[in-house]
Amino acid sequence: MIIQYPQELLDEVQERVVGHNLAGFTPGQGKLRPDLMLVGEAPGRHEEVHNIPFSGASGKELMKMLSTIGYDRESVYITSVVRQRPYSIKKVTDKKTGAQVVKKPNRTPTKKEVLAFANLFDWELEQVQPKIIVPLGNTALQRLLGSQVGIGQLHGHLLKQPIQHAKNDGSGYELAATNSLLVPMYHPAAILYSRKLESTVYEDWQRLGKIIKKINS
Ligand code: URA
């Protein structure tokens, strides 16, 4: 299912991102009260056009890994901490024609952009109520646990700890009163950049498969 966000939260995001280079709006999708909630960084160009989270090249890698532990797009919930595509503006010269063209490649969202979407993400998490949150890569991991942690140390580990929620005044984050279960994973795009990582990522997913089996038994 596609989640319907409250209009006042959508309006708040739009107020906070005025002047930022962000395009489209790709809602989160999937099952409520799932075993796993996969949390990415932000939609890319493919997602902006098709409006389906993780439907481009990294999505293909993600679905491959998910299927090795018996899940698919419909049996989990998939979202990102930022719901619009962050882009930069680059003027390049077309090699064939020599004409100047403007390109708008994807970029990593800034901390300010992640914070602008923080109330929306908190609301979404509360609706979804997953057994395990799976942050994919550093942007999602640091949104949830703070910028002192890194995916290089925590990937594939089961963590039981409070996650960060947005403060009411929008000035930053505070820790929740209760613990959540998390298993951070490398972002699937990391495999596309470095095929060497594939076996590590595969092993992490197998470990996650065992963790969720144990929780469900
Ligand atoms: N990367 C993300 O983090 N999310 C998407 O939906 C696509 C690529």
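Owing to the predicted nature of the structure, the values given are computational and were not obtained by experimental measurement. (Residues numbered from 1 in each chain as written. Predicted model: local features only at pLDDT ≥ 70, side-chain atom pairs only at ≥ 80, totals over all residues. Heavy atoms only, no water.)

A.B. asks: Could you give an account of the site of the ligand, naming the residues involved and the relevant values?
C.D. replies: Close to the ligand lie Gly40, Glu41, Ala42, Pro43, Glu47, Pro53, Phe54, Ser58, Ser80 and His187. Between the ligand and Ser80, the relevant distance is 3.2 Å, taken from a nitrogen atom to a side-chain nitrogen or oxygen of the residue. (Near = heavy atom within 4 Å. Polar contact = N/O pair within 3.5 Å; in protein donor to acceptor, adjacent residues only side chain to side chain.)

A.B. asks: Let's hear about the pattern of salt bridges: which residues, and what values?
C.D. replies: For the structure shown, the criterion picks out nine salt bridges. For the salt bridge of Glu12 with Arg16, the shortest nitrogen-to-oxygen distance reads 3.7 Å. Residue Glu12 and its partner Arg16 are located together in helix H1 (residues 7-16), separated by four residues, close to a single helical turn. By sharing partners, the salt bridges in this structure join Glu61, Lys64, Arg195 and Glu198 into a single network. (Salt bridge = Lys/Arg side-chain N within 4 Å of Asp/Glu carboxyl O. Helix = DSSP H or I, 4+ residues; strand = E, 2+ residues; numbered from the N terminus.)

A.B. asks: Residues and numbers for the nonpolar core, please.
C.D. replies: Counting residues in hydrophobic clusters, the biggest one holds 54 residues, and the most contacted among them are Leu36, Leu38, Leu145, Trp205 and Leu208. With five residues, the single largest contributor to this core is helix H9 (residues 198-216). (Core = buried A, V, L, I, M, F, W, Y, C linked by side-chain atoms within 4.5 Å. Buried < 20%, exposed > 50% of the residue type's maximum accessible area, 1.4 Å probe, protein only.)

A.B. asks: Provide a residue-level description of helix H5 (residues 118-128), including the pertinent values.
C.D. replies: Taken across its 11 residues, H5 has eight buried, putting it largely inside the fold. Those residues of H5 not exposed but buried are Ala118, Asn119, Leu120, Phe121, Asp122, Glu124, Leu125 and Val128. Of the residues trailing H5, Gln129 is marked for its positive phi of about 50°.

A.B. asks: Kindly report on the UniProt feature "domain: Uracil-DNA glycosylase-like" (unreviewed entry) in the chain, identifying the contributing residues and their values.
C.D. replies: The UniProt record marks residues 27-206 with the feature "domain: Uracil-DNA glycosylase-like" (unreviewed entry), using the residue numbering of this structure. The straight-line gap between the two end C-alpha atoms of residues 27-206 is 28 Å; of that span, 33% is helix and 21% is strand. (UniProt positions renumbered as here; feature names shortened; annotations may be inferred.)

A.B. asks: Please set out unusual backbone geometry residue by residue, giving values where relevant.
C.D. replies: Of note in the backbone geometry, Asn51 takes a positive phi value of approximately 60° without being a glycine. Even without being glycine, Phe54 reaches a positive phi, approximately 50°. With respect to the helices and strands, the residue Phe54 is situated in the loop between helix H2 (45-50) and helix H3 (57-67).

A.B. asks: Any details on the packing of aromatic side chains? Residues and values, ideally.
C.D. replies: Under the defined criterion, the tally for this structure stands at two aromatic pairs. Ring geometry for Tyr5 and Phe25: centres 5.7 Å apart, planes at 85°, overall edge-to-face. A residue pair is termed long-range when its members are at least 10 positions apart, and Tyr5 in the segment before H1 and Phe25 in the loop between strand E1 (22-23) and strand E2 (29-30) qualify at 20 residues. Among the residues examined, Tyr5 registers a relative accessible area of 9% and is labelled buried. By relative accessible area, which is 24% here, Phe25 ends up partly exposed. (Phe/Tyr/Trp six-rings, centres within 6.5 Å; stacked < 30°, edge-to-face > 60°.)

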